[in-house]
Amino acid sequence: MYVIVVGGGKVGFYLTQSLLSEGHEVLLIERDLAKVESFNEQLGTVAIAGDGAEAATLMTAGAARAEVVVAVTGEDEDNLVICQMAKQKFNVGRTIARVNNPKNEQLFRMLGIDVTVS
């Protein structure tokens with residue numbers, strides 16, 4: 001299964017590591033180039049630098065063939081945009097978003113995000 005993870009904080013790093021250990025094909029998108037280089041040294045070439053909330057970055061990441069997109073940045077707005085774009089523009093079958101503010105969880109579900117994690 002091809003999974004795109006957006007956000008290279010602790011959650012994104014450990015999720016990527018876990019998915020790789022289970023044999024999945026994973027690509028991690030992170031804005032911070034230093035983190036990308038560190039992740040690639042630790043996990044193999046699995047990370048790219050870019051803004052996952054931009055369509056061009058998701059296209060480069062191969063979102064059109066992804067089965068799942070997981071948005072785990074520290075910003076609810078970014079996570080919502082990433083998941084909506086993945087679903088509507090790239091027809092990704094399943095989207096998972098981290099919700100930092102629990103008050104936003106209902107909104108994410110109403111706007112079509114498949115799974116929310118608060």
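The structure under discussion appears in the preceding block.
Residues take numbers from 1 onward in each chain, read along the sequence in its written order. Local features in a predicted model are, by the rule used here, given only for residues with pLDDT of at least 70; side-chain atom pairs are given and counted only at 80 or more, and totals for whole chains, interfaces and linings are based on all residues. Excluding hydrogens and water, the side-chain figures rest on all heavy atoms present in the structure.

Trainee: Mind showing me how you'd approach the pairing of strand β4 (residues 68-71) here?
Mentor: Two faces, one strand: in a regular strand the side chains alternate between the faces of the sheet. Neither face of β4 is left uncovered, since the one carrying Val68 and Val70 and the one carrying Val69 and Ala71 both have all their residues buried. If DSSP finds at least two bridges between two strands, the strands pair. Only DSSP runs of H or I reaching four residues or more are called helices, and only runs of E reaching two or more are called strands; each is numbered from the N terminus. Where strand β1 (residues 2-6) lies against β4, four bridges are found, and the strand directions are parallel. Opposite Ile4, over in β4, you have Val69 as the bridge partner. As paired elements, β4 and strand β5 (residues 94-98) share four bridges and run parallel to each other. Bridge assignment links Val68 to a residue of β5, and that residue is Arg94. We call a crossover right-handed when, viewed with the strands running away from us, the connection from the first strand over the helix to the second turns clockwise. Running through helix α4 (residues 76-88), the crossover from β4 to the neighbouring parallel element β5 is right-handed. Exposure is judged per residue with a 1.4 Å probe applied to protein chains only, and the accessible area is read against the type maximum: over 50% gives exposed, under 20% gives buried, and values in between give partly exposed.

Trainee: How should the sheet that holds β4 be read in this particular structure?
Mentor: Ordered in space as β3-β2-β1-β4-β5-β6, the six strands form an open sheet in which the pairing is parallel. Each end of this open sheet is capped by a strand with a single partner; those strands are β3 (47-49) and β6 (115-117). Across the sheet, the axes of successive neighbouring strands diverge by a mean angle of 20°, strand direction being ignored. Taken together, the three bridges between β5 and β6 define a ladder with parallel strand orientation. Paired with Arg98 across the strands is Val117, a residue of β6. Along the sheet face, helix α2 (residues 33-43) touches β2 (25-30) and β3 and points at about 165° away from the line of β3. To get an axis, fit a line to the C-alpha atoms, keeping to the stretch in contact for a helix; angles then go from 0 to 180 degrees between the N-to-C directions. Two residues form a contact once any of their heavy atoms are found within 4.5 Å.

Trainee: How do you make sense of the packing of aromatic side chains when you look at a structure like this?
Mentor: The geometry of two aromatic rings is summed up by the distance between their centres and the angle between their planes. The aromatic pairing rule takes the rings of Phe, Tyr and Trp, using the six-membered ring of Trp, and pairs them if the centres are within 6.5 Å, calling planes under 30 degrees apart stacked, those over 60 edge-to-face and the rest tilted. Going through the model one piece at a time under the given rule, you end up with two aromatic pairs. The rings of Phe13, Tyr14 and Phe39 are connected pair by pair, giving a single aromatic cluster. Put simply, a charge is over a ring when the Lys NZ or the Arg CZ is close to the ring centre, within 6 Å, and near the line of the ring normal, within 35 degrees. One Lys or Arg, Arg65, reaches over the ring of Tyr2 and ends 3.9 Å from the middle of that ring. Across from the ring centre of Phe90, 6.0 Å away, lies the NZ or CZ of Lys89, which sits over that ring.

Trainee: Help me understand α2 in this model?
Mentor: Each full turn of the α-helix corresponds to 3.6 residues, which orients residues three or four apart in the same direction. Buried within α2 we find Val36, Phe39 and Leu43. The buried residues of α2 occupy an angular sector of 65° when projected down its axis, which confines them to one face. Exposed residues on α2 whose side chains face more than 90 degrees from its buried face are Ala34, Glu41 and Gln42. Lining the buried residues of α2 we find α1 (10-21), β2 and β3. N-cap assignment for α2: the residue whose side-chain oxygen lies 2.9 Å from the backbone N of Ala34 is Asp32. Of the residues trailing α2, Gly44 is marked for its positive phi of about 95°. The arc under discussion is defined with respect to the helix axis, by the directions toward the C-beta atoms. Counted as a polar contact is a pair of N or O atoms within 3.5 Å, where, for protein atoms, one must be capable of donating a hydrogen and the other of accepting one, and residues adjacent in sequence contribute only when both atoms are in side chains.

Trainee: Just checking my understanding: could you explain unusual backbone geometry for this structure?
Mentor: Glycine aside, negative phi is the norm for most residues, and most peptide bonds take the trans geometry. Its identity is not glycine, yet Asn91 carries a phi of approximately 55°, on the positive side. With respect to the secondary-structure elements, Asn91 resides in the loop between α4 and β5. Residue class for Asn91 comes out exposed when judged on its relative accessible area of 63%.

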